[in-house]
Amino acid sequence: MKRIYDNPSPDDGFRVLVDRIWPRGMSKERARIDEWMKELAPSAELRKWFQHDPEKFPLFRKQYLSFLEENEECRKKLKELKERLKVENVTLLYSAKDERHNQAVVLREFILESSR
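What counts, and at which threshold
- Residues numbered from 1 in each chain as written.
- Predicted model: local features only at pLDDT ≥ 70, side-chain atom pairs only at ≥ 80, totals over all residues.
- Heavy atoms only, no water.
- Phe/Tyr/Trp six-rings, centres within 6.5 Å; stacked < 30°, edge-to-face > 60°.
- Lys NZ or Arg CZ within 6 Å of the ring centre and 35° of its normal.
- 1 Å grid on protein atoms, 1.4 Å probe; cavity = no way out; pocket = protein on both sides within 12 Å on 5 of 7 lines; lining within 4 Å.
- Points joined across faces, edges and corners; volume = space filled by probe spheres on them.
- Nonpolar A, V, L, I, M, F, W, Y, C, P; charged D, E, K, R; others polar.
- Helix = DSSP H or I, 4+ residues; strand = E, 2+ residues; numbered from the N terminus.
- Salt bridge = Lys/Arg side-chain N within 4 Å of Asp/Glu carboxyl O.
- Buried < 20%, exposed > 50% of the residue type's maximum accessible area, 1.4 Å probe, protein only.

A. Spatial organisation of the packing of aromatic side chains. Under the definition given, this model contains six aromatic pairs. A ring pair is formed by F50 and F57, whose centres lie 6.1 Å apart and whose planes are at 45°; its orientation type is tilted. Through a chain of ring-to-ring contacts, the aromatic side chains of F50, F57, F60, Y64 and F67 assemble into a single cluster. Against the face of W22 rests K28, its NZ or CZ located 5.7 Å from the ring centre. When the ring centre of F14 is taken as origin, the NZ or CZ atom of R84, which lies over that ring, is 3.8 Å away.

This is how it looks when you write it as structure tokens:
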């Protein structure tokens with residue numbers, strides 16, 4: 001996981017943006033993403049409700065996990081990421097300032113748990 005505003009690194013491997021909205025002030029050239037998986041981002045309603053409020057994070061996490069489990073498009077994209085992880089590093093990119101309370105944290109946890 002990495003903020004999209006951080007400098008890319010050769011260790012990043014496959015760089016995937018997991019935000020639904022393109023990060024403010026970030027050019028596509030500077031972002032150096034390999035894929036933009038909007039499908040894995042929380043719904044607009046969930047994102048707007050959460051507003052990166054740490055107190056809402058436990059409920060956000062629960063609702064977002066349900067979204068990931070129930071959404072067919074999410075399952076397809078998650079399968080792609082898991083296959084990619086077999087051959088190279090995958091870096092989940094997000095724009096939130098809070099590095100502990102965002103969708104990439106939940107998504108990473110979900111991928112690691114379901115890969116066991």
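From this point, the narrative continues.
B. Representation of the layout of surface pockets in the model. Space inside the largest pocket adds up to approximately 450 Å³. A class-by-class count of the residues in the lining of the largest pocket yields eight nonpolar, three polar and five charged. When its volume is computed, the second largest pocket comes out at roughly 170 Å³. Every residue lining the second largest pocket is listed: M1, L85, N89, V90, T91, L92, R108, I111 and L112. Elements supplying a minimum of two residues to the lining of the second largest pocket: β4 (90-94) and α5 (103-114). A class-by-class count of the residues in the lining of the second largest pocket yields six nonpolar, two polar and one charged.

C. Broad picture of the pattern of salt bridges. Within this structure, the stated rule accounts for nine salt bridges. Residue K2 is joined to D12 by a salt bridge in which the shortest nitrogen-to-oxygen separation is 2.9 Å. Here the residue K2 occupies a position in strand β1 (residues 2-3), and D12 occupies one in the loop between β1 and β2 (14-17), the gap between them amounting to 10 residues. By the burial criterion, K2 is buried, and D12 matches it. With a shortest N-O distance of 3.2 Å, E35 and K77 are connected by a salt bridge.

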